[in-house]
Amino acid sequence: MIEASVGAVPGLVPAFVITAFLLAVPVGLISTLRGRSAVLPVLLTTALVGILTVTLMPSSLESEAPGTCDQGLPGASFLASESAQLNVLLFVPLCFVAVLLFRCPVLVLAGTVILTSGIELAQGQLPLGRACSYDDIKANALGGIIGLTLGCLCLCLCLFPRDGRRRSPFTRRDTLWGLGAVVASACAAATVFPATLTIEDFEATIYRSRAQLGAELGNPEAMREWFAGTVTELLGEQTNTEMEVRKPRNGQQRWFLRAETDRGIVVATWPDRRLVELSAVSHQREAGDPSPSLPLLDAELRKSAERFATAITTTAS
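Note that the coordinates shown come from a computational prediction; the quantities given were computed from them, not determined experimentally.

Chemist: Got a minute to help me understand the overall build of the chain in this structure?
Modeler: In terms of helices and strands, the chain carries nine helices and eight strands. Of all 317 residues assigned to the chain, the portion counted as buried reaches 34%. Sequence separation of at least 24 residues holds for 65% of the intrachain contacts in the chain that already meet a minimum separation of 6. When the accessible surface of the chain is summed, it comes to about 19000 Å², and 61% of that surface belongs to carbon and sulfur atoms.

Chemist: Quick question: what am I supposed to make of the side chain of D135 here?
Modeler: Tracing the chain through its elements places D135 in helix α5 (residues 134–158). For D135, a relative accessible area of 11% puts it in the buried group. Filtering out sequence-adjacent residues up to four positions away, D135 remains in contact with G72, L73 and F78.

Chemist: I would appreciate a short explanation of the pairing of strand β6 (residues 264–270) in the present structure.
Modeler: Strand residues, when the strand is regular, have side chains that alternate between the two faces of the sheet. Most of β6 sits out of view: seven of its seven residues are buried. Residues G264, V266, A268 and W270 of β6 are buried on one face, and the alternating residues I265, V267 and T269, pointing to the opposite face, are buried as well. Summarising the sheet, strand β5 (residues 255–260) and β6 pair through six bridges and their orientation is antiparallel. By the bridge assignment, W255 is partnered in β6 with W270.

Chemist: What am I meant to see in the packing of aromatic side chains here?
Modeler: Two measures describe an aromatic ring pair: the distance that separates the ring centres and the angle between the ring planes. Applying the stated criterion across every chain, the model contains two aromatic pairs. Here Y134 and F193 contribute two aromatic rings whose centre-to-centre distance is 5.8 Å and whose plane-to-plane angle is 70 degrees, an arrangement assigned as edge-to-face. With Y134 in helix α5 and F193 in helix α6 (residues 172–196), this residue pair connects regions lying 59 residues apart in the sequence. Residue classification places F193 among the buried positions, given a relative accessible area of 2%.

Chemist: How should the state of the cysteines be read in this particular structure?
Modeler: The bond known as a disulfide is covalent and runs between the sulfur atoms of two cysteines. As enumerated under the stated definition, the model contains one disulfide in all. A sulfur-sulfur separation of 2.2 Å characterises the disulfide bridge that pairs C69 with C132. Its torsion about the S-S bond being -65 degrees, the disulfide of C69 and C132 is classed as left-handed. A residue pair is termed long-range when its members are at least 10 positions apart, and C69 in strand β1 (residues 68–70) and C132 in strand β2 (residues 132–133) qualify at 63 residues. For C69, a relative accessible area of 0% puts it in the buried group. Its sulfur unpaired, C156 is 6.5 Å from the next cysteine sulfur, which belongs to C152. With a relative accessible area of 25%, C156 lands in the partly exposed category.

Chemist: I would appreciate a short explanation of unusual backbone geometry in the present structure.
Modeler: Negative phi characterises most residues that are not glycine, and trans characterises most peptide bonds. The phi angle at R103 is positive, at roughly 55 degrees, despite the residue not being glycine. Assignment of secondary structure puts R103 in the loop between α3 (82–102) and α4 (105–125). Under the relative-accessibility criterion, R103 is labelled partly exposed at 44%.

Chemist: So what exactly am I meant to see when it comes to the nonpolar core here?
Modeler: Most often, soluble globular proteins have nonpolar side chains that are buried together. Counting 16 residues, the largest nonpolar core has L44, I51, F91, L94, V99 and V108 as the members making the most contacts within it. Of all elements in the fold, only α2 (39–56), α3, α4 and α5 reach the threshold of two or more residues within this core. Looking at this core, the element that brings in the most residues is α3, giving eight residues. Setting aside residues up to four positions removed in sequence, F91 forms contacts with I51, T112, L115, T116, I119, N140, G143 and G144. Ranked by size, the runner-up nonpolar core spans 15 residues in total, among them M223, W255, W270 and L278.

Parameters and conventions
Residues numbered from 1 in each chain as written. Predicted model: local features only at pLDDT ≥ 70, side-chain atom pairs only at ≥ 80, totals over all residues. Heavy atoms only, no water. Helix = DSSP H or I, 4+ residues; strand = E, 2+ residues; numbered from the N terminus. Buried < 20%, exposed > 50% of the residue type's maximum accessible area, 1.4 Å probe, protein only. Contact = heavy atoms within 4.5 Å. Areas by Shrake-Rupley, 256 points an atom, 1.4 Å probe, with all protein chains shown as cover. Pairing = 2+ DSSP bridges. Phe/Tyr/Trp six-rings, centres within 6.5 Å; stacked < 30°, edge-to-face > 60°. Disulfide = S-S within 2.5 Å. Core = buried A, V, L, I, M, F, W, Y, C linked by side-chain atoms within 4.5 Å.

Encoded structure:
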């Protein structure tokens, strides 16, 4: 969830400060007018604005697979990720303050499940430059449980009736309604996510991609065959073809391919099959032009080349 850094979302801090001020001030005034303390409502509003700003503010990054959601790592393996650890910390303040304010720990847990599920669903559906992941839901829920536990401990230490006995922060009404809400929200999320998003195992996909990349890097014949076919498709049959192949340097994995023909120049990279440069020359002399050839600055030719390169990449993958 917290994949976009402040650099990727340059307006993150100003957006948080402005939104928190616009919402926290009215909440504090309303609480004061009702004769209640404004501290907890303002803190809760600020924490909620922080979560929504960090997770839903559009990023300059592009989602690699829109409409999909990563099923995540098994068990607690996701906690090894720094991003997951930040996701855990993200929900601790919100749930801690919510328990102190509402004194309904189980209902707060249900609200946490609903909130994090809604955020991930929005990240998977909307073009925000964010990535949906089940690991984020687990990390946020864990953070909510930690915050809830700290809030309950604080309530247990503070709730002293006149007889001196400590009271439990859990009430029968909160427990029954809260458990029902937790089960209902979890079932709703388990139904909505597969119905609206494509659940993928990104770890397996990355592994297969790396294996394919290694196989293609070690197959120069396939590289030359593809590039020769690309040059022929873009410029047609030609003579006097000079092909230059540069091996990857400084730990890079891409080969640099350049072909100079009597009809133009094509530059591409392998194994990503990316067209880098295309320049063509027409040998048809125009009336009154002494030059034997004219450069073609044809936008349609470039669009055709890009479409061809895209089609080649899609077919290969």
